[in-house]
Each structure stands twice: as structure tokens, then as C-alpha cells.
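So you can see what is in the structure, the chains are spelled out below.
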Amino acid sequence: GNGMRRPTMQGTNRFNLKMLNFCPDIHEFSWDPDNSSKEITFSSDYRHAFLYETNYLFRTMISNRPFMDGQHYWEIIADARTEHELKIGITTQQKFSVSNAFCDYDFGYGFYGFGQLRHGSNAEGRKYGKPFKKKGILGVFLDMDNGTLSFGLDGEFFGLAFQDDALRRGPIWAAISLLHTGGCTLISGLQKPAHFS
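In this report, we go over the structure that sits alongside the text. Predicted model, so just to flag it, every value in this text is computed and none were measured. (Residues numbered from 1 in each chain as written. Predicted model: local features only at pLDDT ≥ 70, side-chain atom pairs only at ≥ 80, totals over all residues. Heavy atoms only, no water.)

Looking now at unusual backbone geometry. Across the junction of G170 and P171, the peptide omega takes the value 0°, indicating a cis bond. As for its placement among the helices and strands, P171 is situated in the loop between β10 (156–163) and β11 (173–179). Of note, the phi angle at Y46 is positive, near 60°, even though the residue is not glycine. The topology assignment puts Y46 in the loop between β1 (40–42) and β2 (48–52). Located in the positive-phi region is H180, a residue other than glycine, with phi close to 65°. (Helix = DSSP H or I, 4+ residues; strand = E, 2+ residues; numbered from the N terminus.)

Structure below.
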């Protein structure tokens, strides 16, 4: 199957509201502990993640399901305890060293919370957006029809971050890298807001 769990019907004539609201092009996902850094602690639903350690290494988590095609929007809610900026975005590979940031590699595309982009470098990237660390909601929009990735913060669209043919082809996984002390909460399966064009 495609990883969708069929809702169980409890009793007779009890409608499952999730089924009534189900929209086939909305993609629900959470974080995958088996392909994420063992240093990261997850909530029981694998939507909240937190890192607390003495080392200063970027620890990466990736989604439990890849995107194969179409348009996908999700949000990352900041955790007030975060001390270091996150790297947020996507990876076109599932297996790599999760003790590095996903966007250090050529197959990773990320927004770094200082207000910069990262792709194939752990040191350089163009200025983009605004700082994001311990407050706010960061929106992420992957448009595989056009091969683009873009971000926004608290209702403000930052514009195009990346355009690349590699972003047209699945599988693509959502990814986040945390450093030292920090975390976030994922909201997946959302409709893209109107201001994300």
C-alpha cells in the first residue's frame, strides 16, 4: 500500500470525520525516527522534535513519507526553548549522515534561520527571508510541477528560494536540522495559503 492507514469504523453508522474531510492531494506526514538522528527526541506522534545535547553538530530528521509529485505545503512552529537557528527544507536522498545538516549536501535544499539559503554548502548561501528561531510559524511550499521551493513566515511570503529540475522528481523528503538545543512542531497536510504564489 501507499502507507495510508484505513480508518477503522467503530460500531455501526459512525462516520469517521477524517474520511469525510479527506482530500486525496493533501499529504500527511510526520518524522521518521528510523531515518533521523538518534539524538533527537520525538513526541509520541512524531510531530514535535527536540534536541538537547552538549555537542555542536547539526542533527537531521526526515519525513516518514516522500513526496512523489504535485504541490505540498507544511508548517513548522518554533519552540521557545530553541537556542540555535534551524535548517528547514527538503532532501532528494533518504540515506546520508544525519550528524550533518541535510543542506550541506547537493541533494539538500534548505532555509537557514539566520535569513539565508543553504544548498550543497555548510558555510555559504544567499540572503533570503527573515530570521526564524524561537517564535513564529514558518511555511514551506514545494511545487514539484514547477520544480520550486519557497518559504514564508507568519503570513509573509518570502518568494522563490530554489528552482531546480531535481525538485520536479520524487521521491523528495521533508527535512530539518537542529543544533545543540532546539526543536519545533510540524503541521503537515495543509492547503497552501493564498499568499504563497
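Time to look at the packing of aromatic side chains. A full pass over the atoms with the stated rule returns 19 aromatic pairs. Ring centres of Y73 and F196 lie 5.1 Å apart, and the angle between their planes is 70°; this geometry places the pair in the edge-to-face category. Taken together, the positions of Y73 in strand β4 (residues 71–78) and F196 in the segment after β12 (181–190) put the pair 123 residues apart, joining distant regions of the chain. Just as Y73 is buried, F196 falls in that class too. Taking the centre distance of 4.9 Å and the plane angle of 55° together, the rings of F157 and F196 count as tilted. With F157 in strand β10 and F196 in the segment after β12, this residue pair connects regions lying 39 residues apart in the sequence. Between K87 and the ring centre of F58, over which it is positioned, the NZ or CZ distance is 4.2 Å. Here the basic side chain of K192 rests over the ring of F141, its NZ or CZ set 5.3 Å away from the ring centre. (Phe/Tyr/Trp six-rings, centres within 6.5 Å; stacked < 30°, edge-to-face > 60°. Buried < 20%, exposed > 50% of the residue type's maximum accessible area, 1.4 Å probe, protein only. Lys NZ or Arg CZ within 6 Å of the ring centre and 35° of its normal.)

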